[in-house]
Amino acid sequence: MPRARRKPKAVQDGEQNQVRGPNSALTQFLRDQGIDAETIRQRWLKSQEGKEASKLDNLSETDEKSAVGSEDGSPSVALDIDSVSEDDEDVELPADRLKRLRRTRHVSDSDEEEYEDDATGSRTVPETPAPHLTEAERAERAKKSKQKLLQRKRKKKKAANLLDRKTRSVSTLQDMCISQISANISKLQRGSQANSETFSNSIRESLGGISTGNLNKLARTLSKNRALNDRTLQLFLRTQLTELTFSDCSRISYEGYKLLAIFAPDLSHLSLQMCGQLNNEALLYIADKLPKLTSLYLDGPFLINEHTWDTFFGKMKGRLKRFHISNTHRFTDQCINSLLRNCGSDLTSLKLSRLDALSDYCLISQYLTNAQFEYLTLQYPSTIGNIIDEVLINILGQVGNSLKGLSLNGCSALTDDFLINGLSAFLGESGHSSQLETLELEGLDQITDGGMVNFLSKVSLPHLVECNFKRCSKLSDMALGELFLNKAQQSLVTLNLNSVKRLTKESFSSMHCPNLENLNLGFLGCVDDGLVHLICKQNEKLKILEVFGDNLVTSKAVYRKGVTIIGRQSDSF
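The shown structure was predicted, so the numbers you read here are calculated from the model rather than taken from an experiment.

1. Focus on the overall build of the protein chain
At step 1: Along the backbone of the protein chain there are 19 helices and 13 strands.
At step 2: Across the 573 residues in the protein chain, those meeting the buried criterion constitute 39%.
At step 3: Here the analysis covers contacts within the protein chain between residues at least 6 apart in sequence; of these, 73% occur between residues at least 24 apart.

Dropping the structure here:
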């Protein structure tokens, strides 16, 4: 039945007995009993009037007694102030009496609060006195604390050496001197003024007899400590310097690069990593002021535009033989076209890595015509499909016979077709052994055992020193066994099998590499203590073994002296 609409109040008064909502049953029952809200209210008011009257009588009696007590000098009776509520103040009292009551209540409340504070403060727990130590006990504690600090420093240094792949327990005197010189240069640099002209002059006079080779070591140490800037750069402004490598140039301004080009005119090889402040003017300055420059490696030159690259390659035509560039979004197809047109026929080494704006790799095979071309690095293209089998097969058809280094890390679009029709066909051309020394195929997850076995069985690699199959997830025992049957087994120094998860223990039983020094077996489920012992026993020159992610390798592993194991979960520093 639909709910009836609410009617006006005049109509409601004439319909007292009708249902009008969810509470109407209770309301109707109360009305039948003669009970309504007004009756309840009147009863409550009468009861309140009676209470107020009794309270007034009590207050008047108490006031009279206190007054009598005051006049007689006897102690007054304490008033029950709390019995008078705030609502009682609405009762009509004389003004002076009401003020007296309020003042008495305020004093009483203050006394109670003060009492509570005192009670709380008295419960504070006294501190336990420090035990008295004798002089010998203090000395013993200081000695133990010093020993803990020294032990912590040794552990920290040991962990740093492991991460840096250092196997020597004691540094050479030469390395220690260079590290100390770098630390002192950084200290002097912090303490001297920014406009001090005597800083670099005094350092150069002190290091006047340092050799060129040690200068490069000093450059590495300064770069590692991020102490290489325009001021410390002046240590390397020498006319007899021919090769220079800076691994961190982030603090060198474009003016510093110009000074380097002016005061080191005999440079033939220049490597500038993290050179974000190298601008158009400085790059052209290098091309003009370094007439003997033939090798240039740049990492992060993102300030150079297309026009400047075109001008630079035009000036370097006939001179530039090695060019490496990485980590910039402004090296485009037009730039690679200019490089190959001007310098392609003279290049012997080319590296293109992490270039987001470059897509036309097909041009490389058209211009690389140098019969002495040796090193090719194409890594991490912005789009996987930019480097495919056809591109590599065409390039290897031009330079495969003379190739010494091939790095294709991150080119995951390559398949077995690249191995069979590229490497197998052109690296061992005319039955001769390949000159390949470095082979890096990291992340090529589409190559399989069939293609790798075809390549390794047809091409002899007697000069292969470094081999990287990291994350080639489809390779297994068959491919690794073929590698150990190849002549590369005798020449390998570094082998990376990280995350090749299909490998089993049986594949390492024939692993006898007499020159192997560095082996990475990270994230292989088959590696355990027994396999570690076997590998160390069969490879006599092994120095570093990486086992990151191999949970079965424990602290109980037995291995020969001279091997450093990195990545065991049981190792703690």
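2. Notes on helix α16 (residues 449-458)
At step 1: Within α16, seven of the 10 residues are buried, which leaves it mostly tucked inside the rest of the structure.
At step 2: Where α16 is concerned, the buried positions are D449, G451, M452, V453, N454, F455 and L456.
At step 3: Taken together, the buried residues of α16 touch α15 (416-426), β8 (438-440) and α17 (477-485).

3. A word on a positive patch on the surface
At step 1: Taken together, the side chains of R141, K144, K148 and R152 make up a positively charged region of the molecular surface.
At step 2: Tracing the sequence through the fold places R152 in helix α5 (residues 135-163).

4. Here we look at helix α12 (residues 333-343)
At step 1: Among the residues making up α12, those that are buried are C335, I336, S338, L339, L340, N342 and C343.
At step 2: Residues of α12 that are buried sit in contact with α11 (306-315), β4 (322-328), β5 (349-355) and α13 (364-367).

5. Some details on the pattern of salt bridges
At step 1: In total, this model carries 10 salt bridges according to the counting rule given.
At step 2: Of the charged contacts in the structure, one is a salt bridge between D288 and K315, with a shortest N-O distance of 3.1 Å. A residue pair is termed long-range when its members are at least 10 positions apart, and D288 in helix α10 (residues 280-289) and K315 in helix α11 qualify at 27 residues.
At step 3: The shortest N-O distance in the salt bridge between D528 and K505 comes to 2.5 Å. Within this pair, whereas D528 is found in the loop between β11 (518-520) and α19 (529-538), its partner K505 is found in the loop between β10 (494-496) and β11, the two being separated by 23 residues in sequence.
At step 4: The exposure class of D528 is buried, given its relative accessible area of 15%.

6. Overview of the environment of H512
At step 1: Mapped onto the elements, H512 comes out in the loop between β10 and β11.
At step 2: Along the backbone, H512 and Q489 are 23 residues apart, and their C-alpha atoms lie at a distance of 7.2 Å.
At step 3: In this structure, H512 is in contact with Q489, Q538 and N539, ignoring residues within four places of it in sequence.

7. Structural notes on the pairing of strand β3 (residues 295-299)
At step 1: In terms of residue burial, β3 counts as a mostly covered element, since five of its five residues are buried.
At step 2: Going residue by residue along β3, you find S295, Y297 and D299 tucked away on one face and L296 and L298 tucked away on the opposite face as well.
At step 3: For the segment spanning strand β2 (residues 269-272), α10 and β3, crossover handedness is right-handed.
At step 4: Where β3 meets β4, five bridges bridge the pair, whose relative direction is parallel.

8. Describing the packing of aromatic side chains
At step 1: Considering all chains together, one arrives at nine aromatic pairs under this definition.
At step 2: Over the ring of Y285 we find K258; its NZ or CZ atom is 5.1 Å from the centre of that ring.

9. Details of the packing of helix α9 (residues 254-263) against α10
At step 1: It is at 9 Å that the axes of α9 and α10 come closest, and there the two elements cross at 0°. Relative to α10, the element α9 lies roughly parallel. Contacts between α9 and α10 involve Y254, Y257, K258, A261 and I262 from the former and E281, A282, Y285, I286 and K289 from the latter.
At step 2: The residue inventory of the contact of α9 with α10, partitioned by class, reads seven nonpolar, no polar and three charged.

10. A closer look at the nonpolar core
At step 1: Judged by nonpolar contacts, the single largest core of 117 residues is most densely connected at F236, F246, W309, L352, F418 and F508.
At step 2: Not counting the four nearest positions on each side in its chain, F508 is found in contact with L480, L497, L503, L521, L524, C526, L531, L534, I535 and Q538.

11. Observations concerning a nonpolar patch on the surface
At step 1: Residues L26, F29, L30, I35 and I40 make up a contiguous nonpolar surface patch of roughly 460 Å² in combined accessible area.
At step 2: Counting residues per element, the nonpolar patch draws most heavily on helix α2 (residues 24-32), at three residues.
At step 3: Note that L26 resides in helix α2.
At step 4: Residue classification places L26 among the exposed residues on the basis of a relative accessible area of 56%.

12. So, the confidence of the model for the protein chain
At step 1: This prediction gives the protein chain a mean pLDDT of 81; 74% of its residues lie at or above 70.
At step 2: Residue range residues 7-17 is modelled with pLDDT below 50. Its contacts to residues more than four positions away, or to other chains, number eight contacts.
At step 3: Contacts of residues 65-93 to residues separated by more than four positions or lying in other chains number 21 contacts, the stretch itself having pLDDT below 50.

13. Considerations on the side chain of S223
At step 1: Note on placement: S223 falls in helix α8 (residues 212-224).
At step 2: Here S223 falls in the buried class, since its relative accessible area comes to 4%.
At step 3: Only 2.8 Å separates the side chain of S223 from the backbone oxygen of A219, close enough to count as a polar contact.
At step 4: Aside from chain neighbours lying at most four places away, what touches S223 is L228, F246, S247 and D248.

14. Focus on unusual backbone geometry
At step 1: Residues other than glycine seldom take positive phi values, yet R471 does so here, at roughly 60°.
At step 2: One can find R471 in the loop between β9 (466-468) and α17.
At step 3: Residue R471 is classed as partly exposed on the basis of its relative accessible area, which comes to 39%.
At step 4: Although it is not a glycine, S499 adopts a positive phi angle of roughly 65°.
At step 5: Relative to the helices and strands, S499 resides in the loop between β10 and β11.
At step 6: S499 gets classed as buried once you look at its relative accessible area, which sits at 15%.

About the criteria used
- Residues numbered from 1 in each chain as written.
- Predicted model: local features only at pLDDT ≥ 70, side-chain atom pairs only at ≥ 80, totals over all residues.
- Heavy atoms only, no water.
- Helix = DSSP H or I, 4+ residues; strand = E, 2+ residues; numbered from the N terminus.
- Buried < 20%, exposed > 50% of the residue type's maximum accessible area, 1.4 Å probe, protein only.
- Contact = heavy atoms within 4.5 Å.
- Patch = residues over 30% accessible without salt bridge, like charges linked within 9 Å, V, L, I, M, F, W, Y side chains within 5 Å.
- Areas by Shrake-Rupley, 256 points an atom, 1.4 Å probe, with all protein chains shown as cover.
- Salt bridge = Lys/Arg side-chain N within 4 Å of Asp/Glu carboxyl O.
- Lys, Arg positive; Asp, Glu negative; His and termini not counted.
- Charge placed at Lys NZ, Arg CZ, Asp CG, Glu CD.
- Right-handed = clockwise from strand over helix to strand, strands pointing away.
- Pairing = 2+ DSSP bridges.
- Phe/Tyr/Trp six-rings, centres within 6.5 Å; stacked < 30°, edge-to-face > 60°.
- Lys NZ or Arg CZ within 6 Å of the ring centre and 35° of its normal.
- Axes fitted to C-alpha atoms, helices over the stretch in contact; angles between N-to-C directions.
- Parallel < 35°, antiparallel > 145°, perpendicular 65-115°, else oblique.
- Nonpolar A, V, L, I, M, F, W, Y, C, P; charged D, E, K, R; others polar.
- Core = buried A, V, L, I, M, F, W, Y, C linked by side-chain atoms within 4.5 Å.
- pLDDT = per-residue confidence, 0-100.
- Polar contact = N/O pair within 3.5 Å; in protein donor to acceptor, adjacent residues only side chain to side chain.

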